[in-house]
Amino acid sequence: MTTAHAVDIGAIERELRQLWKENAAEAGGQAVTRALTLNLVARATDSATADMISAVVQQLTASHPNRTVLAVVQAAAEPWLEAYVQANCLLPSRGAPQVCGEQITINARGAAVGQVASLVLPLLVPDLPVVLWLPGPAPLDDPLLGRLRGVLDRLIVDSRSFTDPAAGLLQLATFDAAEHSGPGNGPQAPALSDLAWTGLTPWRELTAQFFDTRPLLPYLHRIDRAEISYVPADGKPNPLEGLLIAGWLAACLGWSPLSDGISVQGDTLRLHLRRAAVGVGPSATRPVTVEISPLLPNHPQITQIAQMAEQPGLAALHLRAVDGVTADFSVVRADEPGYALTTAQVAGQAPVRRLARCEQPGLADLLAAELRLLSRDRTFGAALKMASAFAAHLE
Amino acid sequence: METTTLDNPLRSGLRIGRTPEPYTMVIFGATGDLTSRKLVPALYNLARERRLPGGFSVVGFARREWDDAFFRQTLLDGVNANSRSGAVEPALWESFAQGIFYHRGSFDEPAAYAALAEQLAKIDAERGTGGNRVFYLATPPESYPEIIRQLGAHGLGHAPSGGSTRIIVEKPFGRDLESAKSLNQQLLAVFDEEQIFRIDHYLGKETVQNILVLRFVNSIFEPLWDRRHVDHVQITVAESIGVEDRGGYYDSSGATRDMIQNHLTQLLCLVAMEPPVVYDADAVRDEKVKVLRAIQPITPEDVAQYTLRGQYSAGSVSGRPINGYRGERGVAAASQTETYVALKLFVNSWRWAGVPFYLRSGKALPRRVSEIAVQFKTVPTMLFADTPMNAIEPNVLTIKIQPDEGISLKVGSKVPGQAQIRPVTMDFRYGTSFGVASPEAYERLLLDCMLGDGTLFTRRDEVEASWSLITPIHQGWDAGPAQPFPNYEAGTWGPAAADEFMARDGRAWRRL
């Protein structure tokens, strides 16, 4: 890592060029591949977050070598601005060239924080996507987002870290709908990624899979009840992932919320919706209930399975159809971490069970999955819109 | 009003594709190498990546006196040794293995098929497989006709109760045009063409699938992809191993049947074909068949001009000694079987007339490498006086299939500070650009079969068209004089005559 105190754009680029020359020399003539597939701008407000971001970016080099511009902004009385450059290289595997990305870290304190955006813009590599990653509780209020919005292709947040999940969901849905006027809105509006949603992918896959089997598909249109349970982080109930899953089911299956759409009983939320009734005429509807509840420490399932308490997140998803033939589809986290047991049970038939991977991916994996996306995730948009409609009742 | 549709609404926006219906895969010859080295590791990895539904089951059908427990243990050892994801995850394997069963029987024993039908019905009831079956012929090809006949005789050719039945046939698919036709007739007496999946694992490789993507998604290559701009095409599939323990089979087959008829012909088709009207099984295969029909057949009289054969003698590859071919077990002492073959083919279409396609494949060559190189014509005149015209290397677009999957383009460039021009290579490697391990060919192909997508499988007319090009070559060779075999040392790039074969056209094989 090389240090440069003078904040001069020309100097940063020159330092980077020097860095590549040194790298090539160190590699002893072996090829060092500078492979950049995107610009990743990230913001940290303390050094612990900055270290976390740097570590994640290192891991990302394998799948998405990039130019990272990390802005570390902190309050201070005296203004202070400095920049470092470094190359992020993978240990070369046998016979393969070494792949490196590059990282520029900008430390800004006090009044200098306002200059960060002006420093970031000229450092972006032309003709590559620009992704802004804002970890933390209130990303949409971040001034950096306001300044960069016009050049952004994607904004990545994590709604699991929002202090007020209901308000946060509403804000995200508004951002995703890009209703504001001004640069970076309309069709050019940046795509939105929420790592909380990304983490639900295994659950969505395992749930969707039941209904790829043709004889089971009709039951999907007859679901009357969904039960979602989760293990709260630090014992504090947060229904956010449950709301996203409920929003996803409702958006995909055409369930519409009733006007008195939500009831709260302790930490349990009950969403009241309706769906088209199957086989009884075009306007008939049937009620659907979605229950979202935390597994608290005194819950029998939690005390049986010690690991569960250490792994917050979804714990079980049940879909039940009682309209006509009874059928029950469930994905339940297994005793062994990283797996889930899936069961499809239709009345009168043997249950079909299997253990499947249901990994809890780390941050780098979640980011990598979102960076693979080139366009807007419309399914997420629809699920978010529905989830924010539920959240509006919680406000 | 019925609101159910055929589409699963929960699939929308998920990055992995639809999961197939739950099938029971019956593997004939399940105690063989292919099952534990390729098939079951591929199935396990599909299950691991959530690509298979609950209920998916495997029934191994073979003669040996094994039982479920021994079969499962053998497969577990096979997966641990051969899976691209490393040793199995025990919890996952345990769940997967609950659906693995062994069925002992001889392929010609009617009772064994009656018992198989019962076992399949039991699995349908207990594991929800709904009458869906894939029969996988992984036996020596001599057993194919008997198995196909018995399946038909026991009503296993078509599924009960709305399920679907498919059959996968491993290579070799026949040994000449007549036997391929006869195998097709036997299959079609029991199954419909849509149920038959003739596997060529080359088509399951990501880089091979990428040939069509490269050609038909990028606008810069297609305008150059014809006789006006391409000088010639070289397709190489080189193996560094000898025949090892396959001597008995190989000696009755040879490089042409083993590699050219299937893998190299497929590669040629993908490079030479016209864009299909849509990307589906029949449209893609229609275009491939058109290429095969446009290839000018090498008649028995022409073999000396358009073909070249070799057989390796003892030598060493990468420091490892290799026996001479004739010294391998199962090989005749005076064997005339070729372990190296080179062909020069012409595709008589408007696009390709006059452009030679050179195909070569061999065993005991210095490296394991498969690639397609499209060599473009040189510039008409030299502008830079300091470099002589003959020092200009033509542009070459190389599609590397293995081992380093990727694409490279050779362009001429100025040497800094000097008046010289040197070729430089622009390299794109899968490994570094995507950072994701490619799935094994069998994973893709087994999944496609269960999804009913035959795009990457060989159709009846395709396999017959390809044999109708190969069979006259064998007739010509059989009628001609004996070859002075062995004529190349293991660990070299084939017989010296192979270089002359190219040199007389003023060309040379690529140094790989």
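Concerning the overall build of chain B
Of regular secondary structure, chain B possesses 15 helices and 18 strands. Relative to the globule expectation of 24 Å for 512 residues, the C-alpha radius of gyration of chain B, 25 Å, shows essentially globular dimensions. For chain B, the proportion of its 512 residues judged to be buried stands at 55%. For chain B, the proportion of contacts with a sequence separation of at least 24, taken over those separated by at least 6, is 77%. Entry remark: accessible area of chain B is about 21,400 Å², with carbon and sulfur atoms responsible for 52%. If you average the places of the 55 positive and of the 61 negative side-chain charges in chain B, the two averages end up 5 Å apart.

Remarks on the overall build of chain A
Along chain A, the regular secondary structure elements total 13 helices and 17 strands. Of the roughly 16,700 Å² of accessible surface on chain A, a fraction of 53% belongs to carbon and sulfur atoms.

Examining the domain arrangement of chain A
When the parts of a complex come together, some accessible area is lost, and that lost area is often taken as the interface size. Residues and elements named next belong to chain A. When cut into domains, chain A gives domain 1 (9–152) and domain 2 (198–371). If you look at the interface, domain 1 gives nine residues, while domain 2 gives five residues. Contact with domain 2 buries area across many residues of domain 1, yet Leu60, His64 and Trp133 alone supply 53% of it, more than any other trio. Counting every contact that joins domain 1 to domain 2 gives zero salt bridges. Counting the contacts that link domain 1 with domain 2 gives zero residue pairs in polar contact (both at pLDDT 80 or more). For the side of domain 1 that touches domain 2, the secondary structure elements donating two or more residues are α2 (47–60) and β7 (130–133). Among the elements that line the side of domain 1 that touches domain 2, the one with the most residues is α2, at four residues. Taken together, the residues that form the side of domain 1 that touches domain 2 break down as six nonpolar, three polar and no charged.

Comments concerning the interface of chain B and chain A
Taken together, the contact between chain B and chain A spans 41 residues of the former and 50 residues of the latter. Interface area for chain B against chain A, summed over the two sides, is near 3,700 Å², with a carbon-plus-sulfur share of 53%. Where chain B packs against chain A, one counts six salt bridges. Residues A:Arg357 and B:Glu89 are paired through a salt bridge, measuring 2.6 Å at the closest nitrogen-oxygen approach. Taken together, chain B and chain A are joined by 17 residue pairs in polar contact (both at pLDDT 80 or more).

Describing unusual backbone geometry
Residue and element names in this part refer to chain B. Geometrically, the link from Lys171 to Pro172 is a cis peptide bond, its omega value of 0 degrees lying close to zero. With respect to the secondary-structure elements, Pro172 resides in the loop between β5 (165–169) and α6 (177–190). Of the consecutive residues Phe485 and Pro486, the connecting peptide bond is found in the cis state with omega at -10 degrees. Tracing the backbone through its elements, the reader meets Pro486 in the loop between α14 (460–479) and β18 (488–489). Non-glycine residue Arg50 carries a positive phi angle of around 60 degrees. Its place among the elements puts Arg50 in the loop between α1 (33–48) and β2 (57–62). By relative accessible area, which is 7% here, Arg50 ends up buried.

Digging into the side chain of A:Gln209
Relative to the assigned elements, A:Gln209 resides in helix α7 (residues 201–210). Looking at A:Gln209, its side chain comes within polar contact range of the side chain of A:Arg354, at 2.7 Å. If we skip the residues at most four places from it in the chain, A:Gln209 touches A:Arg354, B:Arg11, B:Thr19, B:Arg50, B:Arg51 and B:Leu52.

A few points about the nonpolar core
Counting 148 residues, the largest nonpolar core has B:Phe28 and B:Trp93 as the members making the most contacts within it. Looking at this core element by element, the count peaks at 10 residues for helix α9 (residues 255–272) of chain B. The residues touching B:Trp93, leaving out its near neighbours within four places in the chain, are B:Val40, B:Tyr44, B:Arg72, B:Leu75, B:Leu76, B:Val79, B:Val88 and B:Ile100. A:Leu16, A:Ile292, A:Ala344 and A:Ala387 belong to the second largest nonpolar core, which has 90 residues in total.

So, the packing of α6(B) against α14(B)
All names here are of chain B. Taken N-terminus to C-terminus, the directions of α6 and α14 make an angle of 165 degrees; their axes are 8 Å apart at the nearest point. With respect to their mutual orientation, α6 and α14 come out roughly antiparallel. In the packing of α6 onto α14, the handedness of the crossing is left-handed. Across from Leu177, Ala180, Lys181, Asn184 and Leu188 in α6, the residues of α14 making contact are Arg460, Val463, Glu464, Trp467, Ser468 and Thr471. Taken together, the residues of the contact of α6 with α14 sort by class into five nonpolar, three polar and three charged.

A closer look at the sheet that holds strand β1 (residues 24–28) of chain B
All names here are of chain B. Strand order in the open sheet formed by six strands is β3-β2-β1-β4-β5-β6, and the pairing between neighbours is parallel. Whereas interior strands pair on both sides, the edge strands pair on one side only; in this sheet they are β3 (100–104) and β6 (196–198). Taking the axes of each pair of neighbouring strands and ignoring which way they run, one obtains an average angle of 20 degrees across the sheet. Across the sheet, helix α2 (residues 68–82) touches β2 and β3, and the angle it forms with β3 is around 120 degrees.

Topic: the pattern of salt bridges
For the structure on display, the rule yields 47 salt bridges over all chains. The residue B:Arg285 makes a salt bridge to B:Asp282 at a minimum N-O spacing of 3.7 Å. Residue B:Arg285 and its partner B:Asp282 are located together in helix α10 (residues 281–294), separated by three residues, close to a single helical turn. In this structure, the salt-bridge partner of B:Asp448 is B:Arg444, at a minimum N-O distance of 3.0 Å. With B:Asp448 and B:Arg444 both in helix α13 (residues 441–451) and four residues apart, the pair spans about one turn of that helix. A relative accessible area of 5% means that B:Asp448 is categorised as buried. Salt bridges sharing partners connect three or more residues here, namely A:Arg225, A:Glu227, A:Arg270, A:Glu291, A:Arg320 and A:Asp328.

Thoughts on the packing of aromatic side chains
Residues and elements named next belong to chain B. For the structure on display, the rule yields 26 aromatic pairs over all chains. For the pair Trp66 and Phe71, a centre-to-centre distance of 6.4 Å together with 45 degrees between the ring planes defines the contact as tilted. Of the two residues examined, Trp66 and Phe71, each falls in the buried class. For the ring pair Trp93 and Phe96, a centre distance of 5.7 Å and an interplane angle of 50 degrees mean the geometry is tilted. Residue Trp93 and its partner Phe96 are both found in helix α3 (residues 90–97); the two are separated by three residues, about one turn of the helix. Given a relative accessible area of 7%, Trp93 falls into the buried group. Put simply, the rings of Phe28, Phe61, Phe107, Tyr113 and Phe135 touch in pairs and so form one group of aromatic residues.

Scoring rules and cut-offs
- Residues numbered from 1 in each chain as written.
- Chains lettered and ligands numbered in written order.
- Predicted model: local features only at pLDDT ≥ 70, side-chain atom pairs only at ≥ 80, totals over all residues.
- Heavy atoms only, no water.
- Helix = DSSP H or I, 4+ residues; strand = E, 2+ residues; numbered from the N terminus.
- Rg over C-alpha atoms; globule rule 2.2 N^0.38 Å.
- Buried < 20%, exposed > 50% of the residue type's maximum accessible area, 1.4 Å probe, protein only.
- Contact = heavy atoms within 4.5 Å.
- Areas by Shrake-Rupley, 256 points an atom, 1.4 Å probe, with all protein chains shown as cover.
- Lys, Arg positive; Asp, Glu negative; His and termini not counted.
- Charge placed at Lys NZ, Arg CZ, Asp CG, Glu CD.
- Domains from an automatic or database assignment.
- Buried area = accessible area lost by both parts, 1.4 Å probe.
- Salt bridge = Lys/Arg side-chain N within 4 Å of Asp/Glu carboxyl O.
- Polar contact = N/O pair within 3.5 Å; in protein donor to acceptor, adjacent residues only side chain to side chain.
- Nonpolar A, V, L, I, M, F, W, Y, C, P; charged D, E, K, R; others polar.
- Core = buried A, V, L, I, M, F, W, Y, C linked by side-chain atoms within 4.5 Å.
- Axes fitted to C-alpha atoms, helices over the stretch in contact; angles between N-to-C directions.
- Parallel < 35°, antiparallel > 145°, perpendicular 65-115°, else oblique.
- Left-handed = near helix turned anticlockwise from the far one by under 90°.
- Pairing = 2+ DSSP bridges.
- Phe/Tyr/Trp six-rings, centres within 6.5 Å; stacked < 30°, edge-to-face > 60°.

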